[in-house]
Amino acid sequence: MRIGVALPTDFTRLSQEVNSVDTLIGQVKELADAGLSAAWFTQRFDHDAITVAALAAREVPGIDVGTAVVPIYPRHPIALSMQAQTAQAASHGRFTLGVGLSTKSFVEQTYGLAPHSRVRHLREHLEALRSLLETGSVDFNGETLVAKTSLSASVPGARPRVPVLVAAAAGEHALRAAGELADGALPIMSGPRTLAEYTVPTLTRHTEAAGRPAPRVAVIVSGVVTADVAGARARAEQNMAPYKNLPAYRAALDREGIDNPVDLVAIGDEELLAAQVAAYFEAGATELVYTQTAIGSPEDERRTWKLLGELAARG
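Once a new chain begins, its residue numbering starts again from 1 and follows that chain's sequence as written. Where local features are concerned, this predicted model is filtered to residues with pLDDT of at least 70; where side-chain atom pairs are given and counted, the filter is 80 or more; whole-chain, interface and lining totals use all residues. As a convention, hydrogens and water are excluded, and side-chain values are obtained from all of the structure's heavy atoms.

Q: Which residues make up a nonpolar patch on the surface, and what are the values?
A: For patch building, the residue pool is restricted to those with more than 30% relative accessible area and no salt bridge; the joining distance is 9 Å between like charges and 5 Å between nonpolar side chains (Val, Leu, Ile, Met, Phe, Trp, Tyr). Where accessible areas are quoted, they stem from the Shrake-Rupley method and a 1.4 Å probe; at the residue level, only the protein chains shown are allowed to cover. For this analysis, a salt bridge means a side-chain nitrogen from Lys or Arg found within 4 Å of a carboxyl oxygen belonging to Asp or Glu. A surface patch of nonpolar side chains, about 320 Å² in accessible area, is lined by Phe 45, Tyr 111 and Leu 113. Segments assigned H or I by DSSP are reported as helices when at least four residues long, segments assigned E as strands when at least two residues long, and all are numbered from the N terminus. Within the fold, Tyr 111 resides in helix 4 (residues 104–111).

Q: Account for the packing of helix 2 (residues 49–59) against helix 3 (residues 77–91), with residues named and values stated.
A: Geometrically, a packed helix pair is captured by the angle between its two axes and the distance between the axes. Contact geometry of helix 2 with helix 3 gives a least axis separation of 8 Å together with a crossing angle of 10°. In terms of orientation, helix 2 lies roughly parallel with respect to helix 3. Along the contact surface, helix 2 presents Ile 50, Ala 54, Ala 57 and Arg 58, while helix 3 presents Leu 80, Gln 83, Ala 84, Ala 87, Ala 90 and Ser 91. Residue composition of the contact of helix 2 with helix 3, grouped by class: seven nonpolar, two polar and one charged. Between the N-to-C directions of two axes lies an angle of 0 to 180 degrees, each axis being a line fitted to C-alpha atoms and, for a helix, fitted only over the stretch in contact. Geometric relationships in this document are graded by angle, where less than 35 degrees denotes roughly parallel, more than 145 denotes roughly antiparallel, 65 to 115 denotes roughly perpendicular, and other angles denote oblique. Contacts between residues were defined by any pair of non-hydrogen atoms, one from each residue, lying within 4.5 Å. Side-chain classes are defined by residue name, with Ala, Val, Leu, Ile, Met, Phe, Trp, Tyr, Cys and Pro counting as nonpolar, Asp, Glu, Lys and Arg as charged, and the others, Gly among them, as polar.

Q: Any details on the pairing of strand 5 (residues 95–100)? Residues and values, ideally.
A: Exposure is judged per residue with a 1.4 Å probe applied to protein chains only, and the accessible area is read against the type maximum: over 50% gives exposed, under 20% gives buried, and values in between give partly exposed. When you tally the buried positions in strand 5, you get six out of six residues, the bulk of the element. Following DSSP output, two strands are said to pair if at least two bridges run between them. Inspection of the sheet shows strand 3 (residues 64–67) paired to strand 5 by two bridges, in the parallel sense. Paired with Gly 66 across the bridge in strand 5 is Thr 96. Of the strand pairs in this sheet, strand 4 (residues 70–71) and strand 5 are connected by two bridges, and their pairing is parallel. Within strand 5, the residue paired with Pro 71 across the bridge is Gly 100. With strands facing away from the observer, any crossover in which the path from the first strand over the helix to the second runs clockwise is taken as right-handed. Once the chain exits strand 4 it traverses helix 3 before rejoining the sheet at strand 5, and the crossover so formed is right-handed. Where strand 5 meets strand 8 (residues 164–168), three bridges bridge the pair, whose relative direction is parallel.

Q: An account of empty space enclosed by the protein is requested, with residue identities and associated values reported.
A: Once rolled over the atoms, a probe with the size of a water molecule shows which space is left empty. The definitions used throughout rest on a 1 Å grid laid over the protein atoms alone, on which a cavity is an enclosed set of points accommodating a 1.4 Å probe that cannot get out and a pocket is an open set flanked by protein within 12 Å on both sides along at least five of seven lines; lining residues are those having an atom within 4 Å of a point. Grid points are joined across faces, edges and corners, and a volume is the space filled by probe spheres set on the points. Inspection of every chain in the model, using the stated rule, returns one cavity of 30 Å³ or more. By volume, the largest cavity is sized at about 60 Å³. Taken together, Leu 126, Leu 129, Arg 130, Leu 133, Glu 134, Arg 161, Val 162, Val 164, Leu 181, Ala 182, Asp 183 and Arg 212 make up the lining of the largest cavity. Ranked by residue count, the leading element in the lining of the largest cavity is helix 5 (residues 118–135), at five residues. Of the residues in the lining of the largest cavity, the class split is seven nonpolar, no polar and five charged.

Q: Describe the pattern of salt bridges, and please don't skip the residues or the numbers.
A: Taken as a whole and assessed by the stated rule, the structure comprises 22 salt bridges. Residues Arg 161 and Asp 183 are paired through a salt bridge, measuring 2.6 Å at the closest nitrogen-oxygen approach. Of the two residues, Arg 161 sits in the loop between strand 7 (146–148) and strand 8 while Asp 183 sits in the loop between helix 6 (172–181) and strand 9 (184–187), which places them 22 residues apart along the sequence. For Asp 183, a relative accessible area of 19% gives the class buried. The network of salt bridges with shared partners includes Arg 2, Asp 64, Arg 216 and Glu 287.

Shown next, in the form of structure tokens:
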């Protein structure tokens, strides 16, 4: 069982008095020591997730690295390909690029961009990116973007080709794009029932129709081993409150039959977290990306990483 953790796990613990890159790489070393398969980096407004992934891979041999996720706005596919291939060469083939759309309101408010059709832009971005990663060149004229290279865009040593995963909630369009144009999906807010009955079958159908290999299904899940269940639940509820009413996430929650997104979080003892891990793999996940492992104490987080590493080792 492939299990990884998304970093940083707690934004408030990255003090302004420390070097955040050093801190993150130190956490990657802890994940590797705990037996975790991968360290994933979330893109925020501070450090660049792809850069930190590349640095971590150089510092910590043996652990895979990836992004979960980098928004495609405002990154052009040529620029994104440069970064991703550089990370792949630096990691000697241990990097996965996870990308996502972000919400329309976030893109407009943050970058001042009025997005085109979101589905069209996602597909065109993936088509151009795929050409760059597979052939080292692109000549693409779409409705939402243009991408053309006049020189080679290949990075020597960036092998195997960078795998690309697409963040997806409950929308079939994103899953179709992930199946036809990428290597799989990063399902978000998908409970085990949704994963088994909708996400995996939908993704697999589009992948098979496109004649592509079986997809990776790296599910983003949350959980922590802690005795302070009430306190951890309150922190998780605060973290997840924005997702409750965003249409894509609301649809995923409704499909699972739950109202509050915090009900997807495993908070409690080792048996509870182990049961969550088993449920997701039984539902069709090929790997798990754990978030919110810091909603308990620092000791709880290390305890959680240790358990996840043990579960991964058992297979």
